[in-house]
Amino acid sequence: MKRRESGFTLVELLVVIGIIAVLIAILMPVLSQAREHARRTVCASNLRQQGMCFWMYAQEHKGAYPTPVTPFSRGDWPFGAMVVNYVAPPNLPAGQALLVNYGYLTDARLLYCPSGDENWVSYQSNWNPNDWVQTYVGYPCWEGYRSTQDSANVLPGLVADSPIDSSDRLLAGDLITVARNNGTQVLGPNNHYRHDQTPAGGNLLYNDGSVRWLDMTLTKYRFSMTGDGIYYIDFHF
């Protein structure tokens, strides 16, 4: 009798490869979701640290939060350069950038959400407008938009100006947006996405230092920003 040679047949190998492929397809979304939940935790920690630094800054600066981004003349979005003057040098830091400049925050990366688009991130130290985008939306940006495109005057009642404001007012948070181009909804800037690339929601820092996750389904439309009258970003929180 001929002894059967050991080893797998082609059919058996294809079956094993198929099973592995199925398992990978099942596990990948689970692993991706687990990574995103981990990033959300880091994101919340970043915002809590910012909250503590805002408070420390105010304690040492006559109860005032960092200087907001002014004058607001460039028509930019509420994320980007954290400077007092967008055009002329020296592009002095403002808002959260001051927390880094004064040493309250020791790592500028804490100004960025770990789930944000890293292609936009640049960890420069000169506060050049082109080097600071996709940061957390914060006080320096809220302040600038009150007199520009917040036509319904929504922000004054929702955003904190000082530590003595109501504890439930916003101080900073993730980007939670819906973009529209010529009336058609398009994928806009967001810090957190679902597996289907739709906005998931975001972490929000309140004036009492607490951070809460707000799912996109629970957010409310607040106001819209536009740079050219065709492309709009609707902000939700």
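What you are looking at is a predicted structure, and each value in this text was computed from that prediction instead of being measured.

## Observations regarding the overall build of the protein
Along the protein, the regular secondary structure elements total 3 helices and 8 strands. Each helix and strand of the protein, placed in order from N terminus to C terminus, yields the pattern α-α-β-α-β-β-β-β-β-β-β. Going through the 237 residues of the protein one by one, you find that 44% of them count as buried. Looking at the protein alone, contacts between residues at least 24 apart form 60% of all its contacts between residues at least 6 apart. Of the roughly 13,000 Å² of accessible surface on the protein, a fraction of 57% belongs to carbon and sulfur atoms.

## Focus on the pattern of salt bridges
For side chains of opposite charge, pairing can occur when their charged atoms come near one another. Within the structure shown, the criterion is met by 5 salt bridges. As a salt-bridge pair, Glu36 and Arg39 come within 3.3 Å of each other at their nearest N and O atoms. With a gap of 3 residues between them, Glu36 and Arg39 both fall in helix H1 (residues 10–60), about one helical turn apart. With a closest N to O distance of 4.0 Å, Asp165 and Arg169 form a salt bridge. Here Asp165 falls in the partly exposed class, since its relative accessible area comes to 21%. The class for Arg169 is partly exposed, based on a relative accessible area of 22%. Within the structure, one salt-bridge network assembled from shared partners comprises Glu36, Arg39 and Arg40.

## Some words on the state of the cysteines
Throughout the structure, instances matching the rule amount to 0 disulfides. We note that Cys43 lacks a disulfide partner, and the nearest cysteine sulfur, in Cys113, lies 3.8 Å from it. On the basis of relative accessibility, which here comes to 0%, the residue Cys43 falls in the buried class.

## Some points on the confidence of the model for the protein
Of the residues in the protein, 73% have a pLDDT of 70 or more, and the chain-wide mean is 79. Averaged pLDDT values over the elements of the protein bottom out at 66 in helix H3 (residues 139–145) and peak at 96 in strand E6 (residues 211–215). Every residue in residues 71–78 is under pLDDT 50, and counting partners more than four places away or in other chains gives 22 contacts.

## With respect to the sheet that holds E6
With antiparallel pairing, the 4 strands of this open sheet are ordered in space as E1-E2-E5-E6. At either margin of the open sheet sits one strand with a lone partner, and together these are strand E1 (137–138) and E6.

## Notes on the side chain of Asn191
Mapped onto the elements of the fold, Asn191 is located in the loop between strand E4 (184–186) and strand E5 (201–206). For Asn191, a relative accessible area of 0% puts it in the buried group. At 2.7 Å, the side chain of Asn191 forms a polar contact with the side chain of Asp174.

## Some words on the sheet that holds strand E8 (residues 231–236)
The 4 strands are arranged E4-E3-E8-E7 in an open sheet whose pairing can be described as antiparallel. Unpaired on one side and paired on the other, E4 and strand E7 (221–226) mark the two borders of the sheet. On average, adjacent strands in this sheet sit at an angle of 30° to one another, irrespective of strand direction. Sheet topology places strand E3 (residues 177–181) next to E8; 5 bridges connect them, and they run antiparallel. Residue Val178 lies in a different strand from E8, and its bridge partner there is Asp234.

## A closer look at unusual backbone geometry
One non-glycine residue with positive phi stands out, namely Asn153, at about 60°. Mapping Asn153 onto the fold places it in the loop between H3 and strand E2 (170–173). Even without a glycine there, the phi angle at Gln197 is positive, about 65°. In this fold, Gln197 is placed in the loop between E4 and E5. Looking at Gln197, the relative accessible area reads 44%, which means it is partly exposed.

What counts, and at which threshold
In every chain, residue numbers begin from 1 and rise along the written sequence. Per-residue local features of the predicted model are confined to residues with pLDDT of at least 70, and side-chain atom pairs are confined, for both listing and counting, to 80 or more; whole-chain, interface and lining totals are unaffected and use all residues. Processing note: side-chain calculations cover all non-hydrogen atoms of the structure and skip hydrogens and water entirely. By the criteria applied, helices consist of DSSP H or I runs no shorter than four residues and strands consist of E runs no shorter than two, each listed in order from the N terminus. Here's how the labels work: a residue is buried when its accessible area is under 20% of the maximum for its type, exposed when over 50%, partly exposed in between, all with a 1.4 Å probe on protein chains only. Only heavy atoms enter the contact rule, under which two residues are in contact if any of them lie within 4.5 Å. Throughout, the Shrake-Rupley method with a 1.4 Å probe supplies accessible areas, and for residues the shown protein chains are the sole cover considered. For this analysis, a salt bridge means a side-chain nitrogen from Lys or Arg found within 4 Å of a carboxyl oxygen belonging to Asp or Glu. The disulfide criterion used throughout: a pair of cysteine sulfur atoms within 2.5 Å. pLDDT: the predictor's confidence for each residue, scored from 0 to 100. Any two strands are treated as partners once DSSP identifies two or more bridges connecting them. Polar contact criterion, stated in full: a pair of N or O atoms within 3.5 Å, where within protein one must be able to donate a hydrogen and the other to accept it, and residues adjacent in sequence count only if both atoms are side-chain atoms. Here the axes come from fitting lines to C-alpha atoms, over the contacting stretch only for helices, and the angles between their N-to-C directions go from 0 to 180 degrees.

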